[in-house]
Amino acid sequence: MKKLLVLLYLILASWGVRAQQDSVKVSLLTCAPGTEIYELFGHTAIRYENPAEGQDLVFNYGIFSFNTPNFEMRFIKGETDYRLGVVPYSYFEGEYAMRGSSVYQQVLNLTAEEKQKIWNLLEENYRPENRFYRYNYFYDNCTTRARDKIEDCINGKVVYPEAEEGVTFRDIVHRCTEGNEWDELGIDFCLGSEADAPIDGRKQMFIPFNMLEAARAAVIMQGDSVRPLVLSESKVVDVEPEEAEAGFLLSPLSCACILLVVTCMIAWLQLKWKKVIWAWDLFLFGAQGIAGCIIAFLFFFSIQPTVGSNWLIILFNPIPLIYLPVMIYKAIKGQKDLYHLINVVCLTLFIMIMPFIQQKFNVTVLPLALCLLVCSAGHLFLYYRQNSK
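Positions within a chain are numbered from 1, following the residues in the order the chain's sequence is written. Reporting in this predicted model follows two pLDDT cut-offs: at least 70 for local features of residues, and 80 or more for side-chain atom pairs to be given and counted; totals over whole chains, interfaces and linings ignore these cut-offs and use all residues. Only hydrogens and water are set aside; all other atoms, that is, all heavy atoms of the structure, feed into the side-chain values.

Re the overall build of the protein chain
Defined as follows: Only DSSP runs of H or I with at least four residues qualify as helices, and only runs of E with at least two residues qualify as strands; both kinds are numbered from the N terminus onward. Just to be clear, the radius of gyration here is over C-alpha atoms, and the globule rule we use is 2.2 Å times residues to the power 0.38. Type-normalised accessible area, obtained with a 1.4 Å probe on protein chains alone, sets the label of each residue: buried when under 20%, exposed when over 50%, and partly exposed for intermediate values. Contact criterion: two residues are considered in contact whenever any of their non-hydrogen atoms come within 4.5 Å of each other. What sets the accessible areas is the Shrake-Rupley method with a 1.4 Å probe; for residues, cover comes only from the shown protein chains.
The helix and strand tally for the protein chain stands at 14 helices and 10 strands. Over its C-alpha trace the protein chain gives a radius of gyration of 29 Å, far above what one expects of a compact globule, namely 21 Å for 389 residues. Principal-axis analysis of the C-alpha atoms gives the protein chain an extent of 125 × 40 × 40 Å. Every one of the 389 residues in the protein chain was classed for burial, and the buried ones make up 45%. Long-range contacts, defined here as pairs at least 24 residues apart, represent 77% of the contacts in the protein chain between residues at least 6 apart. Carbon together with sulfur atoms contributes 62% to the accessible area of the protein chain, which is approximately 21100 Å² in total.

Structure, rendered in structure tokens:
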């Protein structure tokens with residue numbers, strides 16, 4: 001009788017443990033984009049629910065702080081450290097609801113053993129010595145981290161559906177920045193030709209909603225058995241997107257075209273008045289040199305992906321800023337300046353080879369290059385006109 005009671009106790013205890021394990025849910029959370037530039041791409045996190053232990057936590061690999069010393073410089077250099085944060089789900093839900101970002105939950109089809117493994121891994125990752133990691137916006141971010149940690153705990157291989165062919169990092173970035181032309185221009189100016197190489201499906205998952213789509217049709221293969229990665233999907237936060245504040249009235253292309261018209265008018269006035277309007281040189285070539293300093297820094301010193309292959313270094317570099325005092329002096333004195341002859345040759349060649357370079361340039365680049373070309377050409381015409389008599 002005693003042995004029977006012990007056996008019954010063990011059976012009931014095992015049922016209790018199994019019921020507790022079955023009640024645990026691990027989910028992939030995908031958050032809709034916000035209005036800030038760093039929110040345009042959406043967000044991914046992992047939700048862990050264990051009702052028996054009263055746990056409902058969100059593990060978030062996307063925590064950073066603008067108050068970190070030298071944050072901007074470290075980000076530009078590619079030395080930004082993000083960290084894993086943990087908050088109760090109710091806080092996470094409230095934050096995104098207030099921000100106007102809907103949240104999608106995909107409950108993962110994991111075994112009890114896999115759920116325990118992911119809890120152990122997340123707990124280990126959250127230790128103070130482990131929670132920080134070197135962020136990389138294409139290859140190691142909040143989305144790729146969540147995907148990789150889930151895969152590490154699965155007994156078997158996760159097989160994702162065939163991805164769209166011929167897609168590049170820049171294509172995906174443009175989809176996320178649609179309607180935010182100034183943000184898109186800034187990003188385009190920083191990315192080089194590597195961003196225009198086709199990428200495979202796994203690399204396309206750096207964006208949260210690409211990961212969501214891939215997870216929907218993914219399966220776990222373990223020997224002869226196959227099971228879907230996602231057990232169920234729901235919209236746990238359903239809100240209307242927050243209206244973005246009205247940006248600058250004109251698009252970058254419109255501004256660049258206006259700048260080109262003004263540059264042509266100033267070149268015409270210089271020929272009419274027979275003198276250089278050197279203040280325009282100060283503005284135009286000064287702006288070129290400042291933009292060039294940023295692109296050159298990224299090109300030579302940043303470890304961010306794709307920025308070291310940027311052909312815009314030909315058009316935007318620090319040389320005009322360094323040479324600017326000499327340029328202004330010669331313009332005031334009416335002296336010949338070989339810089340403008342060299343500039344006309346370089347800009348003409350750049351515009352001619354633009355269609356053949358394996359880099360997709362923002363459409364605004366062409367009128368900007370023409371502005372610089374017209375300005376330098378105006379100097380040359382004025383000098384030879386004055387000295388041909």
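Description of the state of the cysteines
This is how the line gets drawn: A pair of cysteine sulfur atoms is labelled a disulfide when the two atoms are within 2.5 Å.
Inspection of every chain in the model, using the stated rule, returns zero disulfides. Looking at the unpaired Cys-153, the closest cysteine sulfur is the one in Cys-142, lying at 18 Å. With relative accessibility at 3%, the residue Cys-153 sits in the buried group. No disulfide involves Cys-257; its sulfur sits 8.5 Å from the nearest other cysteine sulfur, which is in Cys-371. Judged by relative accessible area, which is 35%, Cys-257 ranks as partly exposed.

Remarks on the pairing of strand β2 (residues 43–50)
Put simply, the test is: The criterion for strand pairing is that DSSP finds at least two bridges linking the strands in question.
A large share of β2 lies buried, amounting to eight of its eight residues. Neither face of β2 is left uncovered, since the one carrying His-43, Ala-45, Arg-47 and Glu-49 and the one carrying Thr-44, Ile-46, Tyr-48 and Asn-50 both have all their residues buried. One ladder, built from seven bridges, connects strand β1 (residues 25–31) with β2; its direction is antiparallel. Paired with Ser-27 across the two strands is Arg-47, which belongs to β2.

Some remarks on the packing of helix α4 (residues 112–125) against helix α5 (residues 142–152)
To keep it simple, the criterion reads: In this analysis, axes come from line fits to C-alpha atoms, helices being fitted only over the stretch in contact, and the angle between any two N-to-C directions falls in the range 0 to 180 degrees. By the definition adopted for this analysis, an angle is roughly parallel if under 35 degrees, roughly antiparallel if over 145, roughly perpendicular if from 65 to 115, and oblique otherwise. Each helix crossing is assigned a hand: it is left-handed if the near helix lies turned anticlockwise from the far helix by less than a right angle, otherwise right-handed if that turn is clockwise. Residues are grouped as follows: Ala, Val, Leu, Ile, Met, Phe, Trp, Tyr, Cys and Pro are nonpolar; Asp, Glu, Lys and Arg are charged; every other residue, Gly included, is polar.
Contact geometry for α4 and α5: axes closest at 9 Å, N-to-C directions at 130 degrees. The orientation of α4 with respect to α5, classified from their angle, is oblique. The two elements α4 and α5 meet at a crossing, and its hand is right-handed. Note on element contacts: α5 touches α4 through Lys-149, Ile-150 and Asp-152, opposite Lys-117, Ile-118, Leu-121 and Asn-125. The residue inventory of the contact of α4 with α5, partitioned by class, reads three nonpolar, one polar and three charged.

Topic: the packing of aromatic side chains
The line we're drawing: Only Phe, Tyr and Trp rings are paired, with Trp represented by its six-membered ring, and only when their centres lie within 6.5 Å; those with planes under 30 degrees apart are stacked, over 60 edge-to-face, the remainder tilted. Here, a charge over a ring is recorded when the distance from Lys NZ or Arg CZ to the ring centre is within 6 Å and its angle to the ring normal is within 35 degrees.
Counted under the stated rule, the structure contains 22 aromatic pairs. Each ring, one from Phe-138 and one from Phe-169, has its centre 4.0 Å from the other, and the planes form 10 degrees; the classification is stacked. Of the two residues, Phe-138 sits in the loop between β6 (132–134) and α5 while Phe-169 sits in helix α6 (residues 169–176), which places them 31 residues apart along the sequence. A relative accessible area of 3% places Phe-138 in the buried class. Aromatic pair Phe-299 and Phe-300: ring centres 4.9 Å apart, planes at 70 degrees, arrangement edge-to-face. You can call Phe-300 exposed: its relative accessible area is 56%. Taken together, the aromatic side chains of Tyr-61, Phe-64, Tyr-82, Tyr-133 and Tyr-135 make up a single cluster linked through ring pairs. Taking NZ or CZ as reference, Arg-47 lies 3.5 Å from the ring centre of Tyr-89, over its face. Over the ring of Tyr-126 we find Arg-131; its NZ or CZ atom is 4.0 Å from the centre of that ring.

Re the sheet that holds strand β8 (residues 219–222)
Strands belonging to one sheet form pairs held by backbone hydrogen bonds; the direction of such a pair is parallel or antiparallel. Taking strand neighbours across the sheet as the criterion, the three strands line up as β7-β8-β9 in an open arrangement whose pairing is antiparallel. Here the strands that pair on one side only, and so sit at the sheet edges, are β7 (157–159) and β9 (225–228). Between one strand axis and the next, the sheet turns by 30 degrees as a mean value, whatever way the strands run. Examined bridge by bridge, β8 and β9 share four bridges and lie antiparallel to one another. Looking across to β9, one finds that Val-219 is bridged to Pro-228.

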